[in-house]
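Residue strings, one per chain:
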Amino acid sequence: TELVLTILSQNTRDTNSGRAFMRLMERFPGWDLVRDAPMDEIEAAIQVGGLAHTKAPRIKAVVEEVGRRTGGTYDLIFLAGMSLEESKAWLRSLGGVGPKTAAAS
């Protein structure tokens, strides 16, 4: 959740990114649903946050990869057992997650 919120907050105001997240969750109330959703539907859901054409593919790719790496749990709690640098490196290994997003997540 925090990772997707952080991606949505890139280059936009908190109120707009919050609205985009709420609309995404209303439309797709589970990460499997986001993973399986058509790109245009994700874009439509997050449009209010701005840059939807860029953020939708990034979100979909991150959700797909996190699901693959976690066996479909989408739970990143294991990052708490890593050092700060290790957890940031893990997050940065996801496509579309740079240093600022990793640090904020």
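This report concerns the structure included in the present document. What you see is a predicted model, and the numbers here were worked out from it, not measured in a lab.

Reading guide: rules and limits
Residues numbered from 1 in each chain as written. Predicted model: local features only at pLDDT ≥ 70, side-chain atom pairs only at ≥ 80, totals over all residues. Heavy atoms only, no water. Helix = DSSP H or I, 4+ residues; strand = E, 2+ residues; numbered from the N terminus. Rg over C-alpha atoms; globule rule 2.2 N^0.38 Å. Buried < 20%, exposed > 50% of the residue type's maximum accessible area, 1.4 Å probe, protein only. Contact = heavy atoms within 4.5 Å. Areas by Shrake-Rupley, 256 points an atom, 1.4 Å probe, with all protein chains shown as cover. Salt bridge = Lys/Arg side-chain N within 4 Å of Asp/Glu carboxyl O.

1. Describing the overall build of the protein
Along its length, the protein carries seven helices and zero strands. Overall, the protein shows an N-to-C arrangement of helices and strands of α-α-α-α-α-α-α. Over its C-alpha atoms the protein spans a radius of gyration of 13 Å, differing by no more than 12% from the 13 Å that the globule rule assigns to 105 residues. Across the 105 residues that make up the protein, the buried fraction comes to 38%. Taking contacts inside the protein between residues at least 6 apart in sequence as the whole, the part at least 24 apart equals 51%. Accessible surface for the protein amounts to roughly 5800 Å². Of this, 53% is attributable to carbon and sulfur atoms.

2. Structural notes on the pattern of salt bridges
Applying the stated criterion across every chain yields a total of six salt bridges. For Asp 32, the salt bridge is made with Arg 35, and the minimal N-O distance between the two is 3.1 Å. Here the residue Asp 32 and the residue Arg 35 both occupy positions in helix 3 (residues 31–36), the gap between them amounting to three residues, near one helical turn. Among the salt bridges present, the one from Arg 69 reaches Glu 65, with a minimum N-O distance of 2.7 Å.

3. Points about unusual backbone geometry
In this structure, Leu 51 takes a positive phi of about 55 degrees despite not being glycine. With respect to the helices, strands and loops of the structure, Leu 51 is situated in the loop between helix 4 (39–46) and helix 5 (52–69). Positioned with a positive phi, Tyr 74 is a non-glycine residue whose angle comes to about 60 degrees. Structurally, Tyr 74 is set in the loop between helix 5 and helix 6 (84–92).

Interpretation note: all reported values are geometric properties and have no functional meaning in isolation.
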